[in-house]
Amino acid sequence: MLRWMKFSLYGFCILVFLGACSSKTNSGLALDEVNKPADYWYQNMLKEIRNDDLEKADSYFVSLQSEHLNSPLLGEAMLILGRAHMQKEEYLLAGFYFDEFTKRFGNAENIDFVQYLKLQANYFAFGKRYRDQQLLMQSINEAKAFDQKYPYSRYRPMVDTMLLKLELANLSLNKEIIKLYERRGKENAAEFYQQKINENAWIKDVYYKEAHSPWYQRIFEW
C-alpha cells in the first residue's frame with residue numbers, strides 16, 4: 001500500500017519545481033493558506049484552470065496532494081490537470097499527471113483510457129520533423145503495447161491511427177538519415193538504416209504525403 005502513496009522521484013522533482021516557481025512569483029499561494037479542506041484546494045485549482053493560470057492550479061494541486069493524500073478528489077484532479085496541460089501544449093507535465101494517476105488509481109475500468117491519454121500526450125509532443133527520435137520510438141513501442149494489452153478497448157482505433165502516423169514518421173526519418181549518411185560516404189551506416197526500413201516493409205506500401213518543414217526550421221534539423 002505504501003508504494004502507491006509515494007511519489008516517484010521524477011514526479012517529486014517536478015512538483016518541487018512547480019512549488020519553487022510559485023514562491024518566486026506573485027501567483028504563488030498566500031502563506032496563510034494551509035490546513036484547508038480538500039474541496040477548497042480542488043475548487044481553487046478548477047478556478048485557476050478557468051483563469052488559464054496553470055502554474056497556480058498546479059500549486060493548489062500540490063497543497064491538495066500534501067494535505068489530503070487519500071482524498072477521492074486527487075484522481076480527478078490529476079486527470080483534469082493532465083488534460084489542461086495538453087491543451088497548453090505542455091506535454092511533459094501532462095504525461096506526468098497521467099503517470100501519477102496510473103500509479104495511484106489505475107484499475108481495470110480506467111487503465112486503457114489513461115494510457116490512451118498518455119499516448120496522446122506523446123503523440124502531440126512529437127511536433128517537429130527529424131527531432132525527438134527517442135520519443136518517437138518510445139511512442140511506437142507504447143502504442144504497440146497498448147494493442148497487445150487492450151485488444152478490445154474502445155480507444156484502440158484511435159491508438160492504431162496514431163501508431164500508423166508514427167510509423168510513417170519513423171519511415172520518413174530513416175529515409176532522411178540514409179540520405180545524410182550517403183552524402184557523408186558512410187555506406188555501412190546507411191545500409192543499417194535501410195535494413196531497418198526493410199524489416200518494416202509493409203509500411204512502404206502505404207500511400208502518404210511527405211511532411212515539409214518551413215525553411216527556417218530546416219536549417220536546424222540536420
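> So what exactly am I meant to see when it comes to the nonpolar core here?
In a soluble, globular protein the nonpolar side chains are often hidden away together inside. Counting residues in hydrophobic clusters, the biggest one holds 47 residues, and the most contacted among them are Met45, Phe61, Phe98, Tyr116, Phe146 and Val159. Of all the elements in the fold, those that place two or more residues in this core are α3 (38–50), α4 (54–67), α5 (73–87), α6 (91–105), α7 (111–125), α8 (133–149), α9 (156–183) and α10 (187–199). Looking at this core, the element that brings in the most residues is α9, giving 9 residues. Once residues within four sequence positions are removed from consideration, Tyr116 is found in contact with Phe146, Tyr155, Met158, Val159 and Met162.

> What exactly am I supposed to notice about the environment of Leu92 here?
Looking at the secondary structure, you find Leu92 in helix α6. Residues Leu92 and Ala121, spaced 29 residues apart in sequence, show a C-alpha to C-alpha distance of 7.7 Å.

> In this structure, what is going on with α7? I would like to understand it.
The terminal C-alpha atoms of α7 lie 21 Å apart, and with 15 residues this matches the ideal 21 Å at 1.5 Å per residue to within 8%. Taken residue by residue, α7 has Ile111, Asp112, Val114, Tyr116, Leu117, Lys118, Leu119, Gln120, Ala121 and Asn122 as its buried positions. Where the residues of α7 are buried, they touch α5, α6, α8 and α9.

> I would appreciate a short explanation of the pattern of salt bridges in the present structure.
This structure, assessed with the given rule, holds 8 salt bridges. Here Asp160 and Arg156 are joined by a salt bridge, their closest N and O atoms 3.4 Å apart. Of this pair, Asp160 and Arg156 both sit in helix α9, 4 residues apart, roughly one helical turn. Accessibility expressed as a relative area gives 28% for Arg156, which makes it partly exposed.

> In this structure, what is going on with the confidence of the model for the protein? I would like to understand it.
Atomic detail in the predicted coordinates should be set aside for any region of low pLDDT. Residue-level pLDDT values for the protein average 82, and 75% of them are 70 or greater. Mean pLDDT in the protein bottoms out at helix α1 (residues 2–5), which sits at 38, and peaks at α3, which reaches 97. Contacts from residues 1–10, a stretch scored under 50 in pLDDT, to residues over four places away or in other chains number 14 contacts. In this model residues 19–27 is a low-confidence stretch, pLDDT under 50, and it forms 8 contacts with partners more than four residues away in sequence or in other chains.

> So what exactly am I meant to see when it comes to the environment of Tyr60 here?
With respect to the helices and strands, Tyr60 occurs in helix α4. The exposure class assigned to Tyr60 is buried, which follows from its relative accessible area of 3%. The spacing of Tyr60 and Tyr42 is 18 residues in sequence and 7.1 Å in space, taken between C-alpha atoms.

> Explain unusual backbone geometry to me, please; I cannot follow it from the model alone.
With the exception of glycine, the majority of residues adopt a negative phi angle, and the majority of peptide bonds are in the trans configuration. A positive phi angle, near 55 degrees, is found at Asn35, a position not held by glycine. Along the chain, the position of Asn35 falls in the loop between α2 (9–23) and α3.

> Sorry, what's going on with the packing of aromatic side chains here?
In this description, an aromatic ring pair is defined by two values, namely the gap between the centres and the angle between the planes. Considering all chains together, one arrives at 12 aromatic pairs under this definition. Ring geometry for Phe113 against Tyr155: centres 5.5 Å apart, planes inclined by 40 degrees, an arrangement best described as tilted. Of this pair, Phe113 sits in helix α7 while Tyr155 sits in the loop between α8 and α9, placing them 42 residues apart in sequence. Here the aromatic residues Tyr40, Trp41 and Tyr60 are joined through ring pairs into a cluster of three or more.

> Looking at this structure, how should I read the packing of α8 against α9?
Each packed pair of helices is defined by two parameters, the angle between the axes and the distance between the axes. Contact pair α8 / α9: the axes reach a minimum separation of 9 Å and the direction vectors enclose 145 degrees. Pair α8 / α9 crosses with left-handed handedness. Side by side, α8 and α9 meet where Gln133, Leu136, Met137, Ser139, Ile140, Ala143, Lys144, Phe146 and Asp147 of the first sit next to Arg156, Val159, Asp160, Leu163, Leu166, Glu167, Ala169, Asn170, Leu173 and Ile177 of the second. Here the contact of α8 with α9 is composed, by residue class, of 11 nonpolar, 3 polar and 5 charged.

> For this particular structure, what's the right way to read α9?
Residue pairs spaced three or four apart in an α-helix point in one direction, given the helix's 3.6 residues per turn. Here α9 spans 40 Å end to end across 28 residues, near enough to the 40 Å set by a 1.5 Å rise per residue. Taken from the residues just after α9, Gly185 is the one with a positive phi, measuring 75 degrees.

Thresholds, definitions, all that
Residues numbered from 1 in each chain as written. Predicted model: local features only at pLDDT ≥ 70, side-chain atom pairs only at ≥ 80, totals over all residues. Heavy atoms only, no water. Core = buried A, V, L, I, M, F, W, Y, C linked by side-chain atoms within 4.5 Å. Buried < 20%, exposed > 50% of the residue type's maximum accessible area, 1.4 Å probe, protein only. Helix = DSSP H or I, 4+ residues; strand = E, 2+ residues; numbered from the N terminus. Contact = heavy atoms within 4.5 Å. Expected span 1.5 Å × (residues − 1). Salt bridge = Lys/Arg side-chain N within 4 Å of Asp/Glu carboxyl O. pLDDT = per-residue confidence, 0-100. Phe/Tyr/Trp six-rings, centres within 6.5 Å; stacked < 30°, edge-to-face > 60°. Axes fitted to C-alpha atoms, helices over the stretch in contact; angles between N-to-C directions. Left-handed = near helix turned anticlockwise from the far one by under 90°. Nonpolar A, V, L, I, M, F, W, Y, C, P; charged D, E, K, R; others polar.

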